[in-house]
Amino acid sequence: MIICVEGVDGSGKSTQAELLVKRLISEGKNVQLFSYPDYESDTGKKIKEYLHGTEPVEVKSLFKMYLNDIAKDVDKIKEADKKGVAILSRYYTSTIAYQCAQGYDYNEAKKKALASGLPIPDMVVYLGVTSQESMYRKMKGGFVLDRHERDVFLIENVLKFYRKEMDDNFPGNKKWIAVNGSRSVEEIQKQIWEEVSKVAAKIEGKAAKRKLKV
Ligand code: ADP
């Protein structure tokens, strides 16, 4: 099973993804968490340089860089899916939202994401917060805000592209679960767990049906 956790910076992705990992482990599942950008990788280091720099970078190169950072793990993600659950804190759905918000062509972005060989997730949990909340949480956390996090116009635009992906059901039908990210950590986790359980039951039901057919 592949679960993406999406939302703008500060929406609570890391917090919720980590809680979900713990819960799934306590249920006996084999779980692997992937977080992007992967700042340990060579591409991730370039992304970090870009985020903390001021030099303009062509959006086409940015898109490629962010997508490659995820695509390098394609085999690991597929393996984690086979063994149990892969949780992805950001995925190509983020790459599309952030780079299209900076002018990259939306249809081209979707095409490139699908052509990357990366698997289609079973669900995309979207944590919805406002641009103000996104910035406030990051500042309150004492973080030094990078060029994406401090740009309220960019965040507003990213929110629009997330909405667009959701309305388009990209990358597959009924994958998005919109969660109000402004509530308490516990309330949000409770809803996410209910949604994950439903999708997991559906997947297990399908697998059982397939077995019966053999
Ligand atoms: P993201 O991974 O989306 O950037 P984080 O999980 O790192 O978000 O959370 C950003 C900040 O907001 C952290 O300081 C975290 O403790 C705080 N936070 C996370 N979820 C909530 C919530 N539901 N309500 C209030 N603050 C939150």
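Caption draft 1: Main features of the nonpolar core. In terms of nonpolar packing, the biggest core is built from 40 residues, with I77 and L118 touching the most fellow members. The element that contributes the greatest number of residues to this core is helix α8 (residues 152–167), accounting for seven residues. Setting aside its immediate chain neighbours within four residues, I77 contacts I2, F34, Y36, I70, A86, L88, Y91, L118 and P119. M1, L24, V179 and I188 belong to the second-largest nonpolar core, a separate cluster that totals 21 residues.

Caption draft 2: Representation of the pattern of salt bridges within the structure. Summed over the entire model, instances satisfying the criterion amount to 14 salt bridges. Here E204 makes a salt bridge to K29, at a shortest N to O gap of 3.5 Å. Taken together, the positions of E204 in helix α9 (residues 185–213) and K29 in the loop between α1 (13–26) and β2 (31–35) put the pair 175 residues apart, joining distant regions of the chain. Here E204 falls in the partly exposed class, since its relative accessible area comes to 48%. K29 sits in the partly exposed class, given a relative accessible area of 37%. Close ionic contact of K198 with E195 constitutes a salt bridge, the shortest N to O distance being 3.5 Å. Of the two residues, K198 and E195 are both situated in helix α9; the distance of three residues between them amounts to about one turn of the helix. The class for E195 is buried, based on a relative accessible area of 15%.

Caption draft 3: Helix α4 (residues 74–83), seen in detail. Within α4 the residues assigned to the buried category are V74, I77 and A80. The arc enclosing the buried residues of α4, seen along the axis, measures out at 130°, which places them on a common side. Seen from the buried face of α4, the exposed residues on the opposite side, beyond 90 degrees, are D75, K82 and K83. For α4, the elements touching its buried residues are β1 (2–6), β2, α3 (59–71) and β3 (85–89).

Caption draft 4: Examining the packing of aromatic side chains more closely. Taken as a whole, this structure holds seven aromatic pairs when the rule is applied. Taking the centre distance of 4.5 Å and the plane angle of 20° together, the rings of F63 and Y104 count as stacked. Here F63, found in helix α3, pairs with Y104, found in the loop between α5 (92–100) and α6 (106–115); they are 41 residues apart in sequence, far enough to count as distant. Classification of F63 as buried rests on a relative accessible area of 2%. Looking at Y104, the relative accessible area reads 9%, which means it is buried. Between Y126 and W176 the ring centres are 6.0 Å apart and the planes differ by 55°, which places this aromatic pair in the tilted class.

Caption draft 5: Looking closely at the packing of helix α2 (residues 42–51) against α3. It is at 9 Å that the axes of α2 and α3 come closest, and there the two elements cross at 140°. Considering their axes alone, α2 and α3 lie oblique with respect to each other. Considering how the two elements wind past one another, α2 and α3 form a crossing that is left-handed. Contacts between α2 and α3 pair T43, G44, K46, I47, Y50 and L51 from the former with L62, M65, Y66 and D69 from the latter.

Caption draft 6: Here's a closer look at the sheet that holds β1. Strand order across the open sheet formed by five strands is β2-β3-β1-β4-β5, with parallel pairing between neighbours. Bordering the open sheet on either side are β2 and β5 (176–180), each of which pairs with just one other strand. Taken pair by pair, the neighbouring strands of this sheet meet at an average axis angle of 20°, ignoring direction. Sheet analysis places β1 next to β3, joined by four bridges and oriented parallel. Note that in β3 the partner of V5 across the bridge is S89. Contacts between α8 and the sheet are confined to β1, β4 (123–128) and β5, with β5 contributing the most and set at about 135° to the helix.

Criteria and cut-off values
Residues numbered from 1 in each chain as written. Predicted model: local features only at pLDDT ≥ 70, side-chain atom pairs only at ≥ 80, totals over all residues. Heavy atoms only, no water. Core = buried A, V, L, I, M, F, W, Y, C linked by side-chain atoms within 4.5 Å. Buried < 20%, exposed > 50% of the residue type's maximum accessible area, 1.4 Å probe, protein only. Helix = DSSP H or I, 4+ residues; strand = E, 2+ residues; numbered from the N terminus. Contact = heavy atoms within 4.5 Å. Salt bridge = Lys/Arg side-chain N within 4 Å of Asp/Glu carboxyl O. Arc of directions from axis to C-beta. Phe/Tyr/Trp six-rings, centres within 6.5 Å; stacked < 30°, edge-to-face > 60°. Axes fitted to C-alpha atoms, helices over the stretch in contact; angles between N-to-C directions. Parallel < 35°, antiparallel > 145°, perpendicular 65-115°, else oblique. Left-handed = near helix turned anticlockwise from the far one by under 90°. Pairing = 2+ DSSP bridges.

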